[in-house]
Amino acid sequence: MKDKVNILGVYVDMVNIPQAADRIIRFFDEDRLHKVYTPNSEIIMAAYKDESFKDLLNSADLLTADGIGVVYASKILGKPINERAAGFDIACEVLDRINGTSRKLFLFGGKPGVAELARDNLLKKYPALNIVGCRNGYFKPEEEPEIVKEINDSGADLVFVCLGAPKQEQWLDRNSDALKARVAMGIGGSLDVFAGTAERAPKFFCDHGIEWLYRLIKQPSRAGRMLALPKFGLTVLFKGKKYSQD
Ligand code: UDP
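Before going into details, it helps to say that this report is about the structure given with it. Predicted model, so just to flag it, every value in this text is computed and none were measured. (Residues numbered from 1 in each chain as written. Predicted model: local features only at pLDDT ≥ 70, side-chain atom pairs only at ≥ 80, totals over all residues. Heavy atoms only, no water.)

The next subject is the overall build of the chain. Across its full length, the chain holds 13 helices and 8 strands. Along the longest, intermediate and shortest principal axes, the C-alpha atoms of the chain span 50 × 40 × 35 Å. Looking at the chain residue by residue over its 246 residues, the buried ones come to 50%. Per element, the accessible surface of the chain, about 11800 Å² overall, is 53% carbon and sulfur. Seen as two clouds, the 35 positive and the 33 negative side-chain charges of the chain have centres 4 Å apart. (Helix = DSSP H or I, 4+ residues; strand = E, 2+ residues; numbered from the N terminus. Buried < 20%, exposed > 50% of the residue type's maximum accessible area, 1.4 Å probe, protein only. Areas by Shrake-Rupley, 256 points an atom, 1.4 Å probe, with all protein chains shown as cover. Lys, Arg positive; Asp, Glu negative; His and termini not counted. Charge placed at Lys NZ, Arg CZ, Asp CG, Glu CD.)

Printed below as a string of structure tokens:
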């Protein structure tokens, strides 16, 4: 486990964005589904409190640190991850690399119309990208087999599953055996950013690890959720060493 850091029982890969993309590109060569999740501190806290969600995260083939809280936690635990590897940034790097290749991408998630908007914008940026399908992320449980069939029939190698956490991880856990794609990335609100229906924090906030502050200013209703960050810091400080030994 030398290339992973155990943060409260969640084994996070010590990779930066290009390294994460390298791994994903290699996943395409193996004929099975690989799951990629990008937990932030809130998600790791949820996994700390819920053993089955923790197992579900640890079943991923790649888990990257999405958020400065996770990066700081790795430093506190003496196995520093140098920088955050957010799902959106990894997705952009992977798209750069598969643009103009035969790899096929399916966009799954967001409100009706968002995936289609994301597709249109992505094709402006990556004109040779092979986007083979779009599906919104609002459905009844009985519609799941039909969604899996739609993704499989599209021949997609790569699926962006953007249902927010923990929905996207749970959806993939339920459906991974049936999915024929080689890589599925659970990347939350990324389709909204590609679609332009949500903004990313300006570079200054991202570079200084204060993207959370930008989000708080934009959406003060998130204040309650953000209390998870100091709670996470304290839990890592007081309980983290116990886990990080293995
Ligand atoms: N979403 C979805 N289906 C759902 C719930 C959410 O497709 O049942 C989408 C939502 O439209 C948004 C994304 O998942 O595009 C992220 O949702 P949210 O902001 O709740 O999650 P967060 O990014 O804060 O984890």
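Side-chain pairing between opposite charges can occur once the charged atoms of the two side chains come close. Inspection of every chain in the model, using the stated rule, returns 18 salt bridges. Residue Arg182 pairs with Asp31 through a salt bridge whose shortest N-O separation is 3.4 Å. In this pair, Arg182 sits in the loop between α8 (167–175) and β8 (183–186) while Asp31 sits in the loop between α1 (17–27) and β3 (34–37), placing the two residues 151 residues apart along the sequence. For Arg182, a relative accessible area of 23% gives the class partly exposed. Arg32 is the partner of Asp61 in a salt bridge, and the nearest nitrogen-oxygen pair spans 3.0 Å. Taken together, the residues Asp61 in the loop between α3 (51–58) and β4 (62–63) and Arg32 in the loop between α1 and β3 connect sequence positions 29 residues apart. (Salt bridge = Lys/Arg side-chain N within 4 Å of Asp/Glu carboxyl O.)

On to the sheet that holds β4, then. Spatially, β4-β3-β8-β7-β5-β6 is the arrangement adopted by the 6 strands of the open sheet, whose pairing is parallel. At either margin of the open sheet sits one strand with a lone partner, and together these are β4 and β6 (130–135). Relative to β8, strand β7 (residues 158–162) runs parallel, the two sharing 4 bridges. Looking at the pairing, Val161 lines up with Gly186 of β8. Lying over the sheet, helix α7 (residues 144–154) contacts β5 (104–109), β6 and β7, oriented at roughly 160 degrees with respect to β5. (Pairing = 2+ DSSP bridges. Contact = heavy atoms within 4.5 Å. Axes fitted to C-alpha atoms, helices over the stretch in contact; angles between N-to-C directions.)

Together, Ile76, Leu234, Leu237 and Phe238 make up an exposed nonpolar region whose accessible area comes to about 440 Å². With 3 residues, the top contributor of residues to the nonpolar patch is helix α13 (residues 228–244). The residue Leu234 is located in helix α13 in this model. (Patch = residues over 30% accessible without salt bridge, like charges linked within 9 Å, V, L, I, M, F, W, Y side chains within 5 Å.)

What follows deals with the state of the cysteines. Evaluated as defined, the whole model comprises 0 disulfides. The structure places no disulfide on Cys92, whose sulfur is separated from the nearest cysteine sulfur, that of Cys162, by 11 Å. (Disulfide = S-S within 2.5 Å.)

Attention shifts here to the side chain of Glu211. The topology assignment puts Glu211 in helix α11 (residues 211–218). Residue class for Glu211 comes out buried when judged on its relative accessible area of 10%. Of the polar contacts made by the side chain of Glu211, one reaches the side chain of Arg84; its length is 2.5 Å. Leave out the neighbours within four places in its chain, and Glu211 touches Arg84, Arg200, Ala201, Phe205 and Cys206. (Polar contact = N/O pair within 3.5 Å; in protein donor to acceptor, adjacent residues only side chain to side chain.)

Turning to the site of the ligand, a few remarks are in order. Residues in close proximity to the ligand total 14 residues, the closest being Gly110, Gly137, Tyr138, Lys167 and Asp192. Split into classes, the residues belonging to the shell around the ligand amount to 4 nonpolar, 6 polar and 4 charged. (Near = heavy atom within 4 Å. Nonpolar A, V, L, I, M, F, W, Y, C, P; charged D, E, K, R; others polar.)

What follows deals with the pairing of β6. Pairing of β5 with β6 involves 5 bridges; the strand directions are parallel. Each bridged residue has a counterpart across the sheet, and for Leu105 the counterpart in β6 is Ile131.

Now for the pairing of strand β1 (residues 4–7). Looking along a regular strand, one sees the side chains alternate between the two faces of the sheet. Neither face of β1 is exposed, since Lys4 and Asn6 on one face and Val5 and Ile7 on the opposite face are all buried. Examined bridge by bridge, β1 and strand β2 (residues 10–13) share 4 bridges and lie antiparallel to one another. Bridging across to β2, Asn6 finds its partner in Tyr11. Counted between consecutive antiparallel strands, the loop separating β1 from β2 contains 2 residues, among which Leu8 sits at a positive phi close to 50 degrees.

That's the geometry; what it means functionally is another story.
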